[in-house]
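What follows is each chain in one-letter form.
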Amino acid sequence: MQPSVKIFTGNSNPALAEKIAKKYGKGLNGGLGKVRIQKFSDGEIQPVFLESIRGDYVFLIQGTSAPSDNLLELLLMIDAAKRASAGYITAVIPYFGYARQDRKDKPRVAIGSKLVANLLTSAGANRVITMDLHAPQIQGFFDIPVDHLDSSAIFIPYIENLKLENLTFASPDVGSTNRVREVASYFNAEMVICDKHRKRANEIASMVVIGDVTNRDIVLIDDICDTAGTLSKAANLLKEKGARSVRAFCTHPVFSGNAYENIEKSVLEEMVVCDTIPIKQGMSSKIKVISVAELFAVAIRNMHENKSITSLFIHSHRRGD
């Protein structure tokens, strides 16, 4: 007899967790499992599962965006599930925080993403499902399996429906080049690069465009939009260089600082994001949200049934293949 699937959520993104449970459907009585995240008066967190999970496949949906309580909440939920004799524990992390700290790029800094990987493993997670890591090599920081989903699977149908005449893809920085090239190759479209130089974190000193964008309909693609400074500056520069229209697609809407104001004031036609992180609705008319719920639900189902998740990636659906 195959173990039951039970899906629980923390407080980081309960709306997305509800959608995933609903999309998953079968085998879930009443959707999400019952868990209470209680806090002591000093802020100490204590998760309590309110139903038996002995021997079950347990999926804990919890992003690790700021504040750091979200990460600690996930670690404690994993530990509680392990001590409750869960059969297999999977941490479903729509947005993997601390992924930007993936290397020692200056003296005396932490490699935060490696530390988080160690913490998740030590807490008792058997597997991780996440989406669009800032650096794909972070998968190698784990000694447990990592299913790394790709938002292109939901962005591509949206882009196809736009029916843009002179479609050209743009990378807002050199670090996103591989991600953008993958999507551009699907459409057999050209790509350009916006090469930026930073003074310090979240502050751009200069930016240049590598490639011709005259009379082109530009689609910028990135994994994280924090203050929206890079995307806004790239969009404005592309427009100055002769682009006919500029749109941005970004997986994780961190949206800190003046992000909403930067997006609203930019030349972007629209900013399309995923619901991996909750956003403040109505802060900008240019922001459109696409849900990743079905993608994660299929990944959970296939994992439970020991099926491949290759079909969820765009390289399995290349035009002409």
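Residues numbered from 1 in each chain as written. Predicted model: local features only at pLDDT ≥ 70, side-chain atom pairs only at ≥ 80, totals over all residues. Heavy atoms only, no water.

### A look at the packing of aromatic side chains
- Under the definition given, this model contains eight aromatic pairs.
- When the centroid spacing of 5.6 Å and the interplanar angle of 70 degrees are considered together, the rings of Tyr-158 and Phe-249 count as edge-to-face. One end of the pair, Tyr-158, is in helix α4 (residues 152–162); the other, Phe-249, is in strand β12 (residues 245–253), and 91 residues separate them in sequence.
- Aromatic ring contacts, followed pair by pair, group Phe-155, Tyr-158 and Phe-249 into a single cluster. (Phe/Tyr/Trp six-rings, centres within 6.5 Å; stacked < 30°, edge-to-face > 60°. Helix = DSSP H or I, 4+ residues; strand = E, 2+ residues; numbered from the N terminus.)

### Comments concerning the side chain of Arg-247
- Relative to the helices and strands, Arg-247 resides in strand β12.
- A distance of 3.0 Å separates a polar atom in the side chain of Arg-247 from a polar atom in the side chain of Glu-270.
- With residues up to four places along the chain from it excluded, the contact list for Arg-247 reads Leu-162, Leu-164, Ile-218, Val-219, Leu-220, Leu-268, Glu-269 and Glu-270. (Polar contact = N/O pair within 3.5 Å; in protein donor to acceptor, adjacent residues only side chain to side chain. Contact = heavy atoms within 4.5 Å.)

### Let's talk about the sheet that holds strand β6 (residues 127–131)
- One open sheet holds the five strands; their spatial order is β1-β4-β5-β6-β7, and the pairing between them is parallel. Bordering the open sheet on either side are β1 (5–9) and β7 (146–149), each of which pairs with just one other strand. Recorded for the sheet is a direction-independent mean angle of 20 degrees between the axes of neighbouring strands.
- Sheet topology note: the strand β5 (residues 88–93)/β6 ladder contains four bridges and is parallel. Within the sheet, the bridge partner assigned to Ala-91 lies in β6 and is Val-128.
- Across the sheet, helix α1 (residues 14–24) touches β1 and β4 (57–61), and the angle it forms with β1 is around 165 degrees. (Pairing = 2+ DSSP bridges. Axes fitted to C-alpha atoms, helices over the stretch in contact; angles between N-to-C directions.)

### As for α1
- Residues Leu-16, Ala-17, Ile-20, Ala-21 and Tyr-24 constitute the buried set of α1. Projected down its long axis, α1 carries its buried residues within an arc of 135 degrees, all on one side.
- Those residues of α1 that are buried lie in contact with β1, β4 and α8 (293–304).
- Just downstream of α1, Gly-25 is the residue with a positive phi angle, here 75 degrees. (Buried < 20%, exposed > 50% of the residue type's maximum accessible area, 1.4 Å probe, protein only. Arc of directions from axis to C-beta.)

### Overview of helix α6 (residues 229–240)
- When the terminal C-alpha atoms of α6 are compared, their 16 Å separation across 12 residues agrees well with the 16 Å that a helix rising 1.5 Å per residue should span.
- Looking at the residues trailing α6, positive phi occurs at Gly-242, about 110 degrees. (Expected span 1.5 Å × (residues − 1).)

### A word on the environment of Leu-164
- In this structure, Leu-164 sits in the loop between α4 and β8 (167–171).
- In this structure, the C-alpha to C-alpha distance between Leu-164 and Val-219, residues 55 residues apart in sequence, is 9.7 Å.
- Once residues within four sequence positions are removed from consideration, Leu-164 is found in contact with Asp-217, Val-219 and Arg-247.

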